[in-house]
Amino acid sequence: MNKGIFVSFEGGEGGGKSTLIKMLEQYLCSLGFRVTIFREPGGVCISEEIRSILLYKGMEPLTELLLYAASRAQLVPQALQPALKENDFVLSDRFMDSNEAYQGYGRNLDLKMVKEVVALSTNGIRPQVTYLLDLDPKIGVMRASAVTITRFEEESLNFHNRVRKGFLAIAEREPGRIVKIDASKDLKTVFGLIITDFTHRFLEKTR
Ligand code: TMP
């Protein structure tokens, strides 16, 4: 039986996921909880290697879909499931929804096929809640490019708009799991919105 609660953060580029995850980790640790963070793709050696292969240019969309899924298929049994047994909370910087939004909607791969591959990669593990940091890609890509430029930041605005549309479609399909947050607001406000929802869902019961 898993003891831990699995929380993912999703969204396009520049929404502040990594910073917000660290802020949530610090907050939860200050309350005495055991917390672990993962990032996708990555988290275990083979998945980190796959992450560096994913930076190559000229990759076929299907190869891309399968590599992200392969990274997850490695992470889930080797690190995520054990972490859920040992921790109160496991926070992940992206998970399965990015695969559907980026490769399904962004790369225009067949959505049914994408969902089947994604389902294979997760071994049935799903986040209890997903915070979707929603942002106009015009702002998001600009914010992200100020930090690093990978081939994803270099993609067209149309690509990023399709990715955003994908995330919003998933949010509409699963309103109980996905909490859409307006990431154009300042970091403190965004964190406040997350904490309010998080406290209501998970912390009030433990008090
Ligand atoms: P980031 O999380 O550091 O922004 O980098 C991960 C990049 O990989 C980001 O551009 C989104 C992309 N990605 C996919 O295209 N599909 C996936 O399944 C995942 C997990 C990430």
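From a predicted model like this one, the values you see are computed outputs, not experimental measurements.

**Q** Sorry, what's going on with the site of the ligand here?
**A** The environment of the ligand is made up of Glu13, Lys17, Glu40, Arg51, Tyr68, Arg72, Arg94, Ser98, Asn99, Tyr102, Gln103 and Phe152. Contact distances for the ligand include 2.8 Å between an oxygen atom and a side-chain N or O atom of Tyr68. The separation between an oxygen atom of the ligand and a polar side-chain atom of Arg72 is 3.3 Å. Bound to the protein, the ligand loses 86% of the 480 Å² it would expose on its own. Sorting the residues of the shell around the ligand by element identifies helix 3 (61–86) and helix 4 (96–106) as the ones contributing at least two each. At 4 residues, helix 4 tops the list of elements feeding residues into the shell around the ligand.

**Q** Honestly, the nonpolar core in this entry has me stumped. Any pointers?
**A** Taken as a class, soluble globular proteins show a tendency for nonpolar side chains to be buried jointly. Ranked by internal contacts, the top residues of the largest apolar core, which has 24 residues, are Val7, Phe9, Phe89, Tyr131 and Phe198. When contributions to this core are tallied by element, the ones reaching two or more residues are strand 1 (5–10), helix 1 (17–30), strand 3 (89–93), strand 4 (129–134), strand 5 (178–182) and helix 8 (187–203). No other element matches the 7 residues that helix 8 contributes to this core. The residues contacting Val7, other than those within four sequence positions of it, are Val90, Leu91, Ser92, Val129, Tyr131, Phe198 and Phe202. Formed by 19 residues, the second largest nonpolar core is a distinct cluster that contains Val44, Val76, Leu84 and Met96.

**Q** How should the pattern of salt bridges be read in this particular structure?
**A** Working definition: two side chains of opposite charge can pair if their charged atoms are close together. As enumerated under the stated definition, the model contains 15 salt bridges in all. Arg107 is paired through a salt bridge with Glu64; the nearest N and O atoms lie 2.9 Å apart. Highlighted residues: Arg107 in the loop between helix 4 and helix 5 (111–122) and Glu64 in helix 3, separated in sequence by 43 residues. The class of Glu64 is buried, set by a relative accessible area of 0%. Residues Glu116 and Lys112 are paired through a salt bridge, measuring 3.3 Å at the closest nitrogen-oxygen approach. A residue pair is termed a helical-turn pair when its members lie 3 or 4 positions apart in one helix, as Glu116 and Lys112 do in helix 5 at 4 residues. The class of Glu116 is partly exposed, set by a relative accessible area of 44%. Its relative accessible area of 59% is what places Lys112 among the exposed residues.

About the thresholds
- Residues numbered from 1 in each chain as written.
- Predicted model: local features only at pLDDT ≥ 70, side-chain atom pairs only at ≥ 80, totals over all residues.
- Heavy atoms only, no water.
- Near = heavy atom within 4 Å.
- Polar contact = N/O pair within 3.5 Å; in protein donor to acceptor, adjacent residues only side chain to side chain.
- Areas by Shrake-Rupley, 256 points an atom, 1.4 Å probe, with all protein chains shown as cover.
- Helix = DSSP H or I, 4+ residues; strand = E, 2+ residues; numbered from the N terminus.
- Core = buried A, V, L, I, M, F, W, Y, C linked by side-chain atoms within 4.5 Å.
- Buried < 20%, exposed > 50% of the residue type's maximum accessible area, 1.4 Å probe, protein only.
- Contact = heavy atoms within 4.5 Å.
- Salt bridge = Lys/Arg side-chain N within 4 Å of Asp/Glu carboxyl O.

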